[in-house]
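Observations on the three-dimensional arrangement
Chain by chain, the residues:
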Amino acid sequence: MARELREVVFVDGVRTAFGKAGPGGWFWKTRGDDMAVKAVRALLRRNPNVPPERIGDVIIAATAQVGDQGLTLGRDVGLLAGLPHSVPGFSVDRMCAGALTATTAGAGEIAMGAADLVVVGGVEHMGHHPMGEEVDFNPRFAGERLIDRSAAVMGQTAENLHDAFPHLTKEAADAFAVASQAKAAAAWADPDGVMAQTVVPMSVFTDEGWTVADRDQFLRPETTMEGLASLTTPFRAGGRVSAGNSAGLTDGATAGLLAAESVADELGLESAMRLVGFAYAGVEPHLMGVGPVPATKRVLAQAGLTIDDIGVFELNEPFAIQVLTWCDGVGVAADDPRLNPYGGAIACGHPLAATGVRLMAQLAYGLRQRRARYGLTALCIGMGMGAALLWENVRHA
């Protein structure tokens, strides 16, 4: 018997500040799951109309599902956050698209009527769990030449993009990085702006005692083209990918609230965006950065829209060259004001599985601020994939 699918809306999203991975970072002495608990608690405090017992699932992503991120995180975090024992949860991993995958999984539950409300999010403590540290790559990948060896090192895949798209130069990548830092600095300088509305402070213990993590640690508003030109290229001698035009290794957590549109109305929740569609795509693993291009084209085709119909883009910035290849592939200028208006991961950092909700929360703010109808969140994914989620501003006249 056919049933009508329910509309899914994004109600709200928050994140911790993003800290440097390692002993000098905000969260070095903080557990990964406790970072996610903070985000979930802050989300629910901001939305007091949400009856905790109505939450149908908690879906929390992590790329490194070991140690303090190793217990089934949705259930672990839900219990630690004080949700009723009746609220289930689980964890997911799609590397950098973890939180976006949590979102699309939760959206499916809501659309099918299996849940009315779902908490989604992600956490990555890259200081405790460096990327790939406990991964045992199957030797068949290289032995049978199933993938190029460089696919296992994200920085090398970025260098591969420069090889594949030689017209996208290091100077262009550096210029994009400078602009990302400048836009992020402007966003943080607005006391009532997007950062004030999406970043929740967290008390943390450090070598100097207790302090409050309330600001991203990779912000470099003083970044210049001259400064970036002097940096080394660690992934290749004479290369083009540097620490300055890449996202830093980061710790952080995010949490977002999804609802059936009818349930949001019933509870008096102020919906921000309606999910229009989503797409995942696979590409050559050693060119993983191009993944968002086919994903974006696929989701636009689903909706019968063009790139010109989209009013705001929130694209992840693991490497500037990755963003430039997306711009090149879909026909958007790198300096288009619709693209990452508040800066991106080059400035704030990219705690892998957590990033998706940051993109969504900033997109919701941007759609409201710019009175745009449609917005897109997209990112590339390790081992050769891309993700794109298309949203509609429910407040659009």
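Residues numbered from 1 in each chain as written. Predicted model: local features only at pLDDT ≥ 70, side-chain atom pairs only at ≥ 80, totals over all residues. Heavy atoms only, no water.

Concerning the overall build of the chain
To keep it simple, the criterion reads: Helix and strand assignments follow DSSP, with helices taken as H or I runs no shorter than four residues and strands as E runs no shorter than two, numbered in order from the N terminus. Only C-alpha atoms enter the radius of gyration; for comparison, a globular chain is expected to reach 2.2 Å times N to the power 0.38, where N is the number of residues. Think of it in three bands: with a 1.4 Å probe and only protein chains considered, a residue is buried below 20% of the maximum accessible area for its type, exposed above 50%, and partly exposed in between. Computed by Shrake-Rupley with a 1.4 Å probe, the accessible areas treat only the displayed protein chains as cover when residues are assessed. In this charge count, Lys and Arg are treated as positive and Asp and Glu as negative; neither His nor the chain ends contribute. Lysine's charge is taken at NZ, arginine's at CZ, aspartate's at CG and glutamate's at CD.
Broken down by element type, the chain carries 13 helices and twelve strands. Relative to the compact-globule value of 21 Å for 397 residues, the chain shows a C-alpha radius of gyration of 20 Å, a close match. If you line up the chain on its principal axes, its C-alpha atoms span 60 × 55 × 50 Å. Classification of the 397 residues of the chain by burial places 58% in the buried group. Counting every atom, the chain has about 15,600 Å² of accessible surface; 54% of that belongs to carbon and sulfur. For the chain, the centre of its 32 positive side-chain charges and the centre of its 44 negative side-chain charges are spaced 1 Å apart.

Some words on the UniProt feature "active site" (unreviewed entry) in the chain
As a reminder of what qualifies: UniProt positions are given in the numbering used here, feature names are shortened, and annotations may be inferred rather than shown by experiment. Cavity means a closed set of points on a 1 Å grid over the protein atoms alone, one where a 1.4 Å probe fits but cannot get out, pocket means an open set with protein on both sides within 12 Å along at least 5 of 7 lines, and lining means a residue has an atom within 4 Å of a point. Any two residues whose heavy atoms approach within 4.5 Å are treated as being in contact.
The feature "active site" (unreviewed entry), as given by UniProt, occupies C96, H350 and C380 in the numbering adopted here. For this annotated set, covering 285 residues, all C-alpha atoms fall within 11.9 Å of each other, a compact arrangement in space. Checking the annotated residues one by one, the ones that line the largest pocket turn out to be C96 and H350. Once residues lying within four places of it in the same chain are set aside, the contact partners of C96 are T63, H350, L352, L379, C380 and I381. Tracing the backbone shows C380 in strand 11 (residues 374–381). Look at C380 and you get buried, because its relative accessible area is 1%.

Details of the packing of helix 5 (residues 154–164) against helix 11 (residues 320–330)
Counted only if it meets this: Note on definitions: angles span 0 to 180 degrees between N-to-C directions of axes, and those axes are lines fitted to C-alpha atoms, for helices only across the stretch in contact. Orientation labels follow simple angle bins: below 35 degrees gives roughly parallel, above 145 gives roughly antiparallel, 65 to 115 gives roughly perpendicular, and whatever is left gives oblique. The hand of a helix crossing depends on one turn: near helix anticlockwise from the far one by less than a right angle means left-handed, and clockwise means right-handed. In the scheme used here, Gly and all other residues not listed as nonpolar or charged are polar, with Ala, Val, Leu, Ile, Met, Phe, Trp, Tyr, Cys and Pro taken as nonpolar and Asp, Glu, Lys and Arg as charged.
Where helix 5 meets helix 11, the axes come as close as 9 Å, and the angle between the chain directions of the two elements is 40 degrees. Compared by their axis directions, helix 5 and helix 11 come out oblique. Relative to helix 11, helix 5 is oriented so that their crossing is left-handed. Counted together, A158, L161 and H162 of helix 5 and I321, Q322 and T325 of helix 11 form the full contact between these two elements. Its residues assigned to classes, the contact of helix 5 with helix 11 shows three nonpolar, three polar and no charged.

Comments concerning the layout of surface pockets
Where empty space is left in the structure can be found by rolling a water-sized probe over the atoms. Where we set the bar: Grid points are joined across faces, edges and corners, and a volume is the space filled by probe spheres set on the points.
Its boundaries defined by the atoms lining it, the largest pocket holds a volume of some 1,200 Å³. Forming the walls of the largest pocket are 47 residues, and the residues nearest its centre are M126, M131, M154, L249 and L352. Breaking the lining of the largest pocket down by element, the ones donating at least two residues are helix 5 and helix 8 (225–229). Each residue belonging to the lining of the largest pocket can be placed in one class, and the counts come to 27 nonpolar, 15 polar and five charged. Its boundaries defined by the atoms lining it, the second largest pocket holds a volume of some 310 Å³. Surrounding the second largest pocket, 18 residues form its lining, V11, D12, R46, R368 and R395 being those nearest its centre. Elements supplying a minimum of two residues to the lining of the second largest pocket: strand 1 (8–15), helix 7 (194–198) and helix 13 (355–370). Taken together, the residues of the lining of the second largest pocket sort by class into eight nonpolar, five polar and five charged.

Overview of the pairing of strand 3 (residues 55–61)
The line we're drawing: Any two strands with at least two DSSP-identified bridges between them are counted as paired. Seen with the strands pointing away from the viewer, any crossover whose path from the first strand over the helix to the second strand runs clockwise is right-handed.
Where burial is concerned, most of strand 3 is hidden: six out of the seven residues are buried. Relative to strand 4 (residues 89–92), strand 3 runs parallel, the two being bridged by four bridges. Paired with I59 across the two strands is F90, which belongs to strand 4. After leaving strand 3, the chain enters helix 2 (residues 73–80) and then returns to the sheet as strand 4, a path that is right-handed.

Some words on the UniProt feature "domain: Thiolase C-terminal" (unreviewed entry) in the chain
In this numbering, the UniProt entry assigns the feature "domain: Thiolase C-terminal" (unreviewed entry) to residues 273–392. What you have in residues 273–392 is 36% helix and 27% strand, and the ends, taken at the C-alpha atoms, are 5 Å apart.

Brief notes about the packing of helix 1 (residues 32–46) against helix 2
Between helix 1 and helix 2, the least distance of the axes is 9 Å, while the angle of their chain directions is 60 degrees. By the angle between their axes, helix 1 is oblique relative to helix 2. For the crossing formed where helix 1 meets helix 2, the hand is right-handed. Every residue of helix 2 that contacts helix 1 at D33, A36, V37, V40 and R41 is listed here: L73, D76, V77 and L80. Its residues assigned to classes, the contact of helix 1 with helix 2 shows six nonpolar, no polar and three charged.

A word on the nonpolar core
Put simply, the test is: The set of buried Ala, Val, Leu, Ile, Met, Phe, Trp, Tyr and Cys residues whose side-chain atoms join them within 4.5 Å is what this entry labels a nonpolar core.
F10, I55, V123, L269, M273 and W391 are the most contacted members of the largest nonpolar core, which totals 73 residues. With eight residues, the top contributor of residues to this core is helix 1. By size, the runner-up hydrophobic cluster in this structure holds 40 residues, among which are V293, I310, F313 and L376.

What to know about the pattern of salt bridges
What counts, and what does not: Salt bridges, as used here, are contacts in which a Lys or Arg side-chain nitrogen is within 4 Å of a carboxyl oxygen on Asp or Glu.
Scanning all chains against the criterion turns up 17 salt bridges. Close ionic contact of R46 with D12 constitutes a salt bridge, the shortest N to O distance being 2.8 Å. Here the residue R46 occupies a position in helix 1, and D12 occupies one in strand 1, the gap between them amounting to 34 residues. Note on R46: relative accessible area 36%, which makes it partly exposed.

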